[in-house]
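Chain by chain, the residues:
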Amino acid sequence: MRAGAALALPRRAALALALFVVAMLALPLVVNSYIVSVLVVILFASYFGQAWNIVTGFAGQLSLGHALYVGLGAYTAAALFTHWGVLPWIGMLAGVVVAGAAGALIAALSFRFRVGGVYFALLTIAFAEFTRILFDHFGWVGGASGLFLPVSSRAGADLLHLRGSPVMFYYLLLALTLGALTLTHHLLRRRIGYYWQAIREDEEAAQALGIDVFRYKVAAMALSAAMTSVGGAFLAFYENNLYPDTVFAIGRSIEIITAPIIGGLGTLFGPVLGAFVLTTLGEAMTSLSSGFELNGLKQWCYGAALLLIVALQPAGVWPWLRARLGIAEVRR
Amino acid sequence: MTALLEVRGICKRFRGLQAVDDVSFAVPRGGIVALIGPNGAGKTTTFNLIAGVFAPDRGSVVLDGADITGLRPDQACRAGIARTFQVVKPFGGLTVLENVMVGAFKASHDRRAAEHSALEILGRLGLADKAEVAARSLTLPERKRLEAARALATRPKILLLDEVMAGLRPVEIDAMVRTFADLSREMGLAILLTEHVMRAVMALSHHIVVLHHGQKICEGTPEVVSRDPAVLDCYLGAAPAGGA
């Protein structure tokens, strides 16, 4: 672990990662379709959490409106597909451009006028909310009554048109999550990663060291938004229907940030672990409480479990587990 | 001696307060100049005007022949000015080495090169054995050193030290003085410092500029300044002196 170590990742971390990947690759072969659908939910949460973690966990700018970029990615790809038959992969690229530009614009507007901290967070909510209302009245994409993709068989795997079974989506999302992990790891070892974290820790000190704080904050937001929109496009083709009130919902923005916070804000693997913990917890509570006729028991237990995690491990589950396993999330 | 940094008649007004009023001085290449004065004399404001935190209302700042008046702090840093903060600002969640690497990335995009140069600077400042420690766990004297190390890592033409000795014990002060005297001599580094600790000012500086109520009241060698009646007045509050 001394400086200049030749290994990018220490051996133990590489081994743990390899085990994780193998287990994830093998899982759909041994579990039933219900578990696969839960795993898909977990992977969506991991990926969105990883994307959000870039701007908030690493660059330290609190965004509470990431549903905006989910929605822009989802609607761009879905609308281009239903109207003009544009391939989802092309539509996804268009979504990346749209969401990246939206993220950059919102960040540039805020930071140019020195809106920061909680006020920046409020602004991100405002943009997500008014986009939701805008889409409620946007006839070309169905307005409030929704946009529907032609439903096809849920069997095969038409990768080109993103039509296929949940297992296909599972593997696509797994690739996406691993891709995000690789990208984040790579960025953290570069100058930009160091600069983002310096800005997160102390903006004034960062600026005094020659960092163009504005530029790096805008870049973090643009990248985070663009990554989020890719997940949004997959979400559209997985769920086949889009309503502004659910896609752009503030509840979704909150969901996105919960996994990384539980898992460990500003860590590489925290968002992934957080997604596993949270979703599993939620599902477990559902099945446990199904025998009782008590309304809200699930939410109550879920909330209590979250409180417990936050109280006992405020830095997140991953830093705790990592220390136990002796895994270093090395950046050099 | 040619001047590396030239401050020409800078003024800064905050609401009703004339914080800095027509202050001029110069720092020669490799020179160590101290900016002293009682609390509220305008030392830190002068620093901030040089480092780009505020733009002066009037006057100019010239570094190595280039006008850097009104540049942002990051631009001033890229022009060759590095500064430390009176209240230290470590990147607490990063390790000591990572803190210094952030500074070193100014000179090089390459991680290995940044790491190499950061380690060398940590060695110079006696922090080599703390490289892998989280910055938030450092003691105050160590934090002050880290602050200087990070600034030095940007390979500045001039280093601005804002009360780096404050809160240190005499032994630690002497060690810091030695460190900076060595740095200046070996690297040809120019230093501008503000300081209340006279022990350090007298030991370190070649030239002293005295500010009072935002104005320069005296400048010269330590011997000259320490005997100047106006300086003694403003520090000791003797009989009301004419002028000021």
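Since the model is a prediction, treat every value here as computed from it, not as a measurement.

Novice: Explain the overall build of chain B to me, please; I cannot follow it from the model alone.
Specialist: Helix and strand counts for chain B come out as nine helices and ten strands. In terms of C-alpha radius of gyration, chain B reaches 18 Å, essentially the compact-globule figure of 18 Å for 244 residues. With respect to the principal axes defined by its C-alpha atoms, chain B has extents near 60 × 40 × 35 Å. Counting all 244 residues of chain B, 49% fall into the buried class. Within chain B, counting contacts between residues at least 6 apart in sequence, those at least 24 apart form 64% of the total.

Novice: Would you explain the sheet that holds strand β1 (residues 3–14) of chain B in this entry?
Specialist: Within a beta sheet, neighbouring strands are joined by backbone hydrogen bonds and run either parallel or antiparallel to one another. All names here are of chain B. Strand order in the open sheet formed by four strands is β2-β1-β4-β5, with antiparallel pairing between adjacent strands. Edge positions in the open sheet fall to β2 (17–28) and β5 (66–67), since each of these has one partner strand only. Bridge count for β1 against strand β4 (residues 58–63) is five bridges, and the pairing is antiparallel. Note on β4: the bridge partner recorded for Cys11 is Arg58.

Novice: Teacher, can you tell me more about the pairing of β4 of chain B here?
Specialist: A regular strand places its side chains so that they alternate between the two faces of the sheet. Taken together, the two bridges between β4 of chain B and β5 of chain B define a ladder with antiparallel strand orientation. Opposite Leu63 of chain B, over in β5 of chain B, you have Ala66 of chain B as the bridge partner.

Novice: How should the interface of chain B and chain A be read in this particular structure?
Specialist: Between chain B and chain A, the residue contacts involve 26 residues of the former and 21 residues of the latter. At the level of secondary structure, the elements contributing two or more residues to the side of chain B that touches chain A comprise α2 (73–79), α3 (96–104) and α4 (111–124) of chain B. No other element matches the five residues that α3 of chain B contributes to the side of chain B that touches chain A. Looking at side-chain class alone, the side of chain B that touches chain A contains twelve nonpolar, five polar and nine charged residues.

Novice: Got a minute to help me understand the environment of Gly65 of chain B in this structure?
Specialist: Mapped onto the elements, Gly65 of chain B comes out in the loop between β4 and β5. Each C-alpha atom, one on Gly65 of chain B and one on Leu5 of chain B, is 8.2 Å from the other, the two residues being 60 residues apart in sequence.

Novice: Help me understand the nonpolar core, please; the structure alone is not making it clear to me.
Specialist: Ala74, Ala78 and Leu173 of chain A together with Val100, Ala149 and Leu160 of chain B are the most contacted members of the largest nonpolar core, which totals 167 residues. A total of 16 residues in this core trace back to one element, the largest contributor, which is helix α9 (residues 213–239) of chain A. Both of domain 1 (1–80 + 156–244) and domain 2 (89–155) of chain B provide at least three residues apiece to this core. With sequence-adjacent residues up to four places away left out, Ala74 of chain A is seen in contact with Gly232, Ala233, Leu235, Ala236, Leu242 and Val247 of chain A.

Novice: Mind showing me how you'd approach the sheet that holds strand β7 (residues 158–162) of chain B here?
Specialist: Residues and elements named next belong to chain B. Pairing in this open sheet of six strands is mixed, and the strands run β6-β7-β8-β3-β9-β10 from one edge to the other. The open sheet has two free edges, formed respectively by β6 (81–83) and β10 (215–220), since each of these has just one partner strand. Across the sheet, the mean angle from the axis of one strand to that of its neighbour is 20°, orientation sign disregarded. Relative to β7, β6 runs parallel, the two being bridged by three bridges. Across the sheet, Ala82 pairs through a bridge with Leu159, a residue of β7.

Cut-off values and rules
- Residues numbered from 1 in each chain as written.
- Chains lettered and ligands numbered in written order.
- Predicted model: local features only at pLDDT ≥ 70, side-chain atom pairs only at ≥ 80, totals over all residues.
- Helix = DSSP H or I, 4+ residues; strand = E, 2+ residues; numbered from the N terminus.
- Rg over C-alpha atoms; globule rule 2.2 N^0.38 Å.
- Buried ≥ 20, exposed ≤ 12 C-beta atoms within 10 Å, placed from the backbone.
- Contact = placed C-beta atoms within 7 Å.
- Pairing = 2+ DSSP bridges.
- Nonpolar A, V, L, I, M, F, W, Y, C, P; charged D, E, K, R; others polar.
- Core = buried A, V, L, I, M, F, W, Y, C linked by C-beta atoms within 7 Å.
- Domains from an automatic or database assignment.
- Axes fitted to C-alpha atoms, helices over the stretch in contact; angles between N-to-C directions.

This is a description of form; function is not addressed.
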